[in-house]
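If you want the building blocks of each chain, they are given just below.
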Amino acid sequence: QQKRRQCKKTKCLKLYCPCFAEGLYCGPRCNCRDCFNDQQYDKLVKEAREKIKEKNPDAFEPKVRVSAQRMHQAPHSEGGVNAPQVRQTLQHQTGCKCTKTSCLKRYCECYAAGVFCGTKCNCTNCQNTEDNPLLSNVHGALQ
């Protein structure tokens, strides 16, 4: 039930169009003009996708994916092997660059996606962390 935008100039063949970005064709819920993101223009749609993938191979991949996060290494006394502990978390693949919102508003891509800020983020005064008791039950690590 995502709100569809009204594409006017892009002919729905750019990542601005949410349908195109999700790998879907535009449908009756869309209010676009001069739309080429339709099955009858399948060849144009595929060419546009390939052109975008050349520049950004992850363009049509989900922005939030499961990532392995390294934890502190176990001391030698806990088993003799100094192997790092790893756990899986959901992480935004490009991270955010928030400066004024402390990553606690929907402007933050991580917060909006329901994940904690991670190593790929370049935010300032971040409060969207696992250490924040107000957010720990809202989103975070996979169990």
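Basis of the calculations
Residues numbered from 1 in each chain as written. Predicted model: local features only at pLDDT ≥ 70, side-chain atom pairs only at ≥ 80, totals over all residues. Heavy atoms only, no water. Phe/Tyr/Trp six-rings, centres within 6.5 Å; stacked < 30°, edge-to-face > 60°. Helix = DSSP H or I, 4+ residues; strand = E, 2+ residues; numbered from the N terminus. Buried < 20%, exposed > 50% of the residue type's maximum accessible area, 1.4 Å probe, protein only. Core = buried A, V, L, I, M, F, W, Y, C linked by side-chain atoms within 4.5 Å. Contact = heavy atoms within 4.5 Å. Salt bridge = Lys/Arg side-chain N within 4 Å of Asp/Glu carboxyl O. pLDDT = per-residue confidence, 0-100.

**Student:** Which parts of the structure should I look at to understand the packing of aromatic side chains?
**Tutor:** Centre distance and the angle of the planes are the two values used to describe a pair of aromatic rings. Across all of its chains, the model carries two aromatic pairs by this definition. Note on Phe-20 and Phe-60: the rings are 5.6 Å apart at their centroids and 75° apart in plane angle, and the pair reads as edge-to-face. Taken as a pair, Phe-20 in helix 1 (residues 18-21) and Phe-60 in the loop between helix 2 (42-55) and strand 1 (64-73) lie far apart in primary sequence, 40 residues in all. Each member of the pair Phe-20 and Phe-60 is classed as buried. Aromatic side chains Phe-36 and Tyr-41 sit 4.6 Å apart centroid to centroid with 10° between the ring planes, which places their arrangement in the stacked category. You can call Tyr-41 partly exposed: its relative accessible area is 28%.

**Student:** Would you explain the nonpolar core in this entry?
**Tutor:** General note: in soluble globular proteins, nonpolar side chains tend to be found buried as a group. One finds Leu-13, Cys-17, Phe-20 and Cys-26 to be the most contacted residues of the largest nonpolar core, which totals 14 residues. Listing elements by their share of this core, those giving two or more residues are helix 1 and helix 2. Top element by residues in this core is helix 2. It accounts for three residues. Excluding anything up to four places from it in sequence, Cys-17 contacts Cys-7, Cys-12, Cys-26 and Asn-37.

**Student:** What's the story with the pattern of salt bridges in this structure? I'm lost.
**Tutor:** Side-chain pairing between opposite charges can occur once the charged atoms of the two side chains come close. Throughout the structure, instances matching the rule amount to two salt bridges. When the shortest N-O distance is used, the salt bridge between Lys-11 and Asp-34 registers 3.1 Å. Residue Lys-11 is found in the segment before helix 1, and its partner Asp-34 is found in the loop between helix 1 and helix 2; the two are separated by 23 residues along the sequence. A residue is classified by how much of its surface remains accessible, and Asp-34, at 48% relative accessible area, is partly exposed. The salt bridge involving Lys-46 is made with Asp-42; its shortest N-O contact spans 3.2 Å. Taken as a pair, Lys-46 and Asp-42 lie in helix 2 at a separation of four residues, close to a single helical turn. Given a relative accessible area of 24%, Asp-42 falls into the partly exposed group.

**Student:** Could you clarify how one ought to interpret the confidence of the model for the protein chain in this entry?
**Tutor:** It should be kept in mind that the predicted coordinates are not to be read in detail where pLDDT is low. On average, residues of the protein chain score 79 in pLDDT, and 75% of them reach the 70 mark or higher. Ranking the elements of the protein chain by mean pLDDT puts strand 1 last, at 60, and helix 2 first, at 94.

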